[in-house]
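Letter by letter, the chains look like this.
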Amino acid sequence: MASPPEPAVIHAWSAPRSLSTSLMYSFSQRDDMDVLDEPLYANFLRVTGVDRPYRQELLSKMDPDGNKVVKEVIFGPGEKAYRYCKHIAKQRLPNLTGDLMKKGKHFILIRNPMNILPSFDKVVPPSFLELGVAELVAIYSELCDLGSPPPVIDADDLQRDPEAVLSGLCEDLGIPFQPQMLKWKAGPRDFDGIWAPWWYESVHTSTGFSKSRRYPMTFPFAFYDLLEQSLPFYNMLKRQVRRTAGSLLPPPPDPPLPVPRNKKILVWVGNELLPRDSARVSVFDSVVQGGDAVWEGLRIYDGKVFKLEEHLDRLFDSTKAMAFSNVPSRDWIKDAIFKTLNANGMFNDAHIRLTLTRGKKVTSGMSPAFNLYGCVLIVLAEWKPPVYDNSHGIKLVTATTRRNSPNSVDSKIHHNNLINNILAKIEGNLAQAEDAIMLDQDGFVSETNATNIFMVKKGIVLTPHADYCLPGITRATVMDLIVKENLVLHERRISLSEFHAADEVWTTGTMGEITPVVMIDGREIGDAKIGPVTRQIQNAYKVLTAGLGVPIPRNAEA
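Quick summary incoming for the structure in this document. These figures come from a predicted structure and were not determined experimentally. (Residues numbered from 1 in each chain as written. Predicted model: local features only at pLDDT ≥ 70, side-chain atom pairs only at ≥ 80, totals over all residues. Heavy atoms only, no water.)

Before going further, it helps to examine the packing of helix H1 (residues 20-28) against helix H10 (residues 162-173). Put simply, H1 and H10 touch, their axes get as near as 13 Å, and they point 70 degrees apart. With respect to H10, the element H1 is oriented roughly perpendicular. In this structure, H1 crosses over H10, and the sense of that crossing is right-handed. Packed against H1, whose contacting residues are Leu23, Ser26 and Phe27, the element H10 presents Leu166, Leu169 and Leu173 at the interface. Among the residues making up the contact of H1 with H10, the classes are represented as 5 nonpolar, 1 polar and no charged. (Axes fitted to C-alpha atoms, helices over the stretch in contact; angles between N-to-C directions. Helix = DSSP H or I, 4+ residues; strand = E, 2+ residues; numbered from the N terminus. Parallel < 35°, antiparallel > 145°, perpendicular 65-115°, else oblique. Left-handed = near helix turned anticlockwise from the far one by under 90°. Contact = heavy atoms within 4.5 Å. Nonpolar A, V, L, I, M, F, W, Y, C, P; charged D, E, K, R; others polar.)

This next bit is on helix H8 (residues 133-145). Here H8 contains 13 residues, and its C-alpha end-to-end distance of 19 Å stays within 8% of the 18 Å for a straight helix at 1.5 Å per residue. Of the positions making up H8, those classed as buried are Val133, Leu136, Val137, Ile139, Tyr140 and Leu143. The arc that holds every buried residue of H8, seen down its axis, measures 155 degrees, which confines them to one face. Gly147 sits one or two residues past H8 and shows a positive phi near 85 degrees. (Expected span 1.5 Å × (residues − 1). Buried < 20%, exposed > 50% of the residue type's maximum accessible area, 1.4 Å probe, protein only. Arc of directions from axis to C-beta.)

Right, let's get into the side chain of Lys334. For Lys334, the position within the fold is in helix H16 (residues 330-344). Look at Lys334 and you get buried, because its relative accessible area is 15%. Ignoring any residue separated from it by four or fewer positions in sequence, one finds Lys334 in contact with Leu308, Glu309 and Leu312.

Where strands meet in a sheet, backbone hydrogen bonds hold them as pairs that are either parallel or antiparallel. Strand order in the open sheet made by the 7 strands is E7-E6-E11-E10-E8-E9-E21, with antiparallel pairing throughout. Only two strands of the sheet have a single neighbouring strand rather than two, namely strand E7 (272-275) and strand E21 (550-551). Inspection of the sheet shows strand E9 (residues 304-305) paired to E21 by 2 bridges, in the antiparallel sense. Bridge pairing in E21 places Val305 opposite Val550. Contacts between H16 and the sheet are confined to strand E6 (266-269), E7, strand E8 (293-301), E9, strand E10 (350-357), strand E11 (376-383) and E21, with E11 contributing the most and set at about 35 degrees to the helix. (Pairing = 2+ DSSP bridges.)

So, on to the sheet that holds strand E3 (residues 82-88). Strand order in the open sheet made by the 5 strands is E2-E3-E1-E4-E5, with parallel pairing throughout. On the outer flanks of this sheet lie strand E2 (33-37) and strand E5 (152-154), each paired with one strand and no other. On average, each strand axis in the sheet is tilted by 25 degrees relative to the strand beside it, whichever way the strands run. Here strand E1 (residues 8-14) runs beside strand E4 (residues 105-110); their pairing, made up of 5 bridges, is parallel.

What follows covers the side chain of Arg189. The topology assignment puts Arg189 in the loop between H10 and helix H11 (196-199). Reaching out from Arg189, the side chain makes a polar contact with the backbone oxygen of Lys185 at a distance of 2.5 Å. Arg189 has contacts with Tyr25 and Trp184, leaving out every residue within four places of it along the chain. (Polar contact = N/O pair within 3.5 Å; in protein donor to acceptor, adjacent residues only side chain to side chain.)

Structure follows, in C-alpha cells:
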C-alpha cells in the first residue's frame, strides 16, 4: 500500500501576540489544510534553556529533537493537500537543518510593537529576544537570498479587512481563497499547543478576526526602550507589505526621481551617514518647529568643491546673525562634507544642500532657549546636473509676492524660512514658467525666487543692488568675471520694464549656474535666443569651475 503523499507545507513566521493563533484558526477552516501549532517549541526550550510555566510538560509530550521534527512532522506524510505550520520567529535556531527554509512556502506576519507590548508580559517579561522582530528580518533576508522573497502581511491590515488580506495572501501562496477562512467556532482546538491555557484565552472566545481598537491602549512606558529597539525592524518589514484595498492609507507608487541613481544615496545627519530613507531629523528640531536653520548650496566639479570657503564664510555669517550656539567648527563641517562625498563616490556633476539647524529642542516652542542639544548638520549630496536648460534658456514671470525687506527678514541671512520664495515659485509654476521674478517693496526687480538676475542693454551688463536679495556666491563670481572679460558692469536699481526691453537676461545660482532667459511675462528677450554676452560669461564660468575649487581628499590607494 502506497504511503500518503507529503503535503505542500506553508510556513507562517511571526512574533508573539501578532494574531498568529487567529490566523492559524483561519487556515484550519480550509478543507484542504491541516495545521501544526509551533512544532519547534520543544526544540527551542531544550536548546535555549528558557523557562516557561509549562516547560516540563511540553518537553515530555513534544519531541525536542528539532531536526527530527522538521523531517518527520513538518515535512512528514499527511492526508491533506497542505500543511500550515505556525512558527514563532525566535524558534528558528542555528541547530536546525537548512531544509526548513528551503522547502515549502513561507510568509511573514508582522505587527507593530506598539500594539504587542501592552499585553505581552502576561506570561513572559518582554525582551528584544522574546519579541523576535530581528529574527523576522533575518528570515526575510534569508528567503530573499534563496530566491523566494516571502509575502509579508500586517496584523493591523488583517483586522481591518480580513477578506482582502487573506485573498491576497492565498494568491501569493498559490492556493485558492476559501470564504470559510473568515469565521470559526469559539473554543479551543485539538491541535492547540500545551501552552494554550496561558496564551489563547481571548482567541478561544473569538469567532473571527476582531476589529482593531480605534484608540490604542495606554503604552507601558517601562517598555519604551524596547519599542525604540524593535520599531526599525518592524518598519523594514512594513515596507514589504502587500497593499490591499483594506490597507490604511496605502502609499502611492514611488514617483520617478529626476536622477534615478539618487534613490540610493547616503546622507549626513548630525554626526553620521544614513541611507536616504533613514535620513531624518527630530520633530523637535528647530528646522521643523520654525524653519530655524541656515543653508548653503555647493557644487562639485572634477573632484573639487567650488567656492567652498566662500560658502562656509556665508554659513558662519548667517549663524552669527541668527545667534546660533554650539556651532560646529569649520574643519568639522568640511570633514563631514568630504566623508559624504567619498561615501557616495560623488566627485563630479554633484550638488550639496548643506544645512545647519539650530538643533533639537527640549520642548516644542519658538524660543532658542529651548535649544540645548547643539546644532544639527545635514549634508545632502545628490547627483544633479544644472537644474535649468542652459542651452536654450528659460521663461520667467513676475510674481505678485514681494521680496522681503531688511525691515522684516534680511535676505543676507541665508536662512531656511523660505515661504516668501515658495509663494513666488507657486506663481511661477501656475504660469508654467521655470521661475518667478520678485520685486522689492518699491517695485524694482530684486531677484527670482531662487536665483540672482542680470541683464544686458547695448553691451552694458546690469544687476540689481543686493539690498533685498541674497548676495549670491555665484552672483559675486559672475560680477568678477564680467570685469575680467572687459565688460562694463552697473549695479543699480532696475525696473521691470527695463528687463522686458533688455537685449539679454540671465540668472545665476549654484544649482543652475548661468541660465539664459528668453522670455519674461510673455515678452521675448532680444531675439529669444542666447545672446553673445551670455555665452561669453557661460564659457568663462566653465573655465573657472574647471580650474578652481577645494580638492576632495581621498584615502590613498592600497
